Amino acid sequence: MYVTPRNEEAQSQRDEGMEGSGHTARQKQSRALSSGLQATVLLPSLTAFTPIIPMFTQNIREGFRSLGGTRLFRWLYEKFRYPFAPMYGGFPVKLRTYLGDPIPYDPKITAEELAEKAKNAVQALIDEHQRIPGNIMSALLERFHKKQKIN
């Protein structure tokens, strides 16, 4: 079987323990941005000279839940390298998407600094708009009770 260089690179990154979809599926349901944004994700913004707009969707984790954090599913992932993470949910919670202030393009800033700024902006949106710890019942009740808009 012929393995392309791209696949070899992906395999070496996976072997080195780089985080990916399987890792994220197994993470505990924490609202904190544990690993943050990788600088390579933000490189297109630096090369295109465009601002970054932070975005957060409220109650997204209350709508769908995953069993990916258990010991059994972690063992299955380590054994087969396939993200076994059964999901349940589809609860009719109200989802609201919040957009933060744009982070303008700055030619003097590095990708790592930009990633840190973006991480802090998204975390600020989470802290402002999400009830922690999340609760499915309170998210369902938010659907039927209207709150007065502050803005």
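Below is a short write-up of the structure. (Residues numbered from 1 in each chain as written. Predicted model: local features only at pLDDT ≥ 70, side-chain atom pairs only at ≥ 80, totals over all residues. Heavy atoms only, no water.)

With that settled, consider the overall build of the protein. Helix and strand counts for the protein come out as 7 helices and 4 strands. For the protein, the N- to C-terminal ordering of α and β elements is α-α-α-β-α-β-α-β-β-α-α. The burial tally for the protein puts 26% of its 151 residues in the buried class. At a minimum sequence separation of 6, the contacts of the protein that also span at least 24 residues come to 80%. Accessible surface for the protein amounts to roughly 11300 Å². Of this, 58% is attributable to carbon and sulfur atoms. (Helix = DSSP H or I, 4+ residues; strand = E, 2+ residues; numbered from the N terminus. Buried < 20%, exposed > 50% of the residue type's maximum accessible area, 1.4 Å probe, protein only. Contact = heavy atoms within 4.5 Å. Areas by Shrake-Rupley, 256 points an atom, 1.4 Å probe, with all protein chains shown as cover.)

This part covers the environment of L141. One can find L141 in helix 7 (residues 136-144). Sequence-wise, L141 and V93 are 48 residues apart; in three dimensions their C-alpha atoms are separated by 8.1 Å.

A separate point is the environment of P51. Mapping P51 onto the fold places it in the loop between helix 3 (39-48) and strand 1 (55-58). Between the alpha carbons of P51 and P102 there is a distance of 6.0 Å; along the sequence they are 51 residues apart. If sequence neighbours within four positions are ignored, P51 has contacts with S45, P102, I103, P104 and Y105.

Okay, the pattern of salt bridges next. Applying the stated criterion to the full structure yields 2 salt bridges. A salt bridge links E78 to R81; the nearest nitrogen and oxygen atoms lie 3.9 Å apart. Using a relative accessible area of 38% as the deciding quantity, one classes E78 as partly exposed. For the salt bridge of R96 with E142, the shortest nitrogen-to-oxygen distance reads 3.7 Å. Highlighted residues: R96 in strand 4 (residues 96-99) and E142 in helix 7, separated in sequence by 46 residues. On the accessibility criterion, R96 (25% relative accessible area) is partly exposed. (Salt bridge = Lys/Arg side-chain N within 4 Å of Asp/Glu carboxyl O.)

To continue, consider unusual backbone geometry. Cis peptide bonds are those with omega within 30 degrees of zero, and the linkage from I132 to P133 qualifies with 0°. Relative to the helices and strands, P133 is located in the loop between helix 6 (111-129) and helix 7.

If you look at the biggest cluster of nonpolar residues, it comprises 9 residues: L42, L46, I52, I103, I109, A111, L114, A115 and A118. Mapped onto this core, the elements with two or more residues apiece are helix 3 and helix 6. Ranked by residues supplied to this core, first place goes to helix 6 with 4 residues. Non-local contacts of L46, meaning those with residues more than four positions away in its chain, are made with Y105, I109, T110, A111 and L114. (Core = buried A, V, L, I, M, F, W, Y, C linked by side-chain atoms within 4.5 Å.)

Let us look at a nonpolar patch on the surface. Taken together, L72, W75, F80 and Y82 make up a surface patch of nonpolar side chains, about 500 Å² in accessible area. Summarising the element assignment, W75 is placed in helix 5 (residues 71-80). (Patch = residues over 30% accessible without salt bridge, like charges linked within 9 Å, V, L, I, M, F, W, Y side chains within 5 Å.)

For helix 6, which comprises 19 residues, the first-to-last C-alpha distance of 27 Å matches the rise-based estimate of 27 Å (1.5 Å per residue) to within 8%. Every buried residue belonging to helix 6 is among A111, L114, A115, A118, V122, Q123, L125, I126 and H129, and all of these are buried. Angular distribution of buried residues about the axis of helix 6 spans 170°; they occupy a single face of the element. The exposed set on the far side of helix 6, more than 90 degrees from its buried face, consists of E112, D127 and E128. (Expected span 1.5 Å × (residues − 1). Arc of directions from axis to C-beta.)

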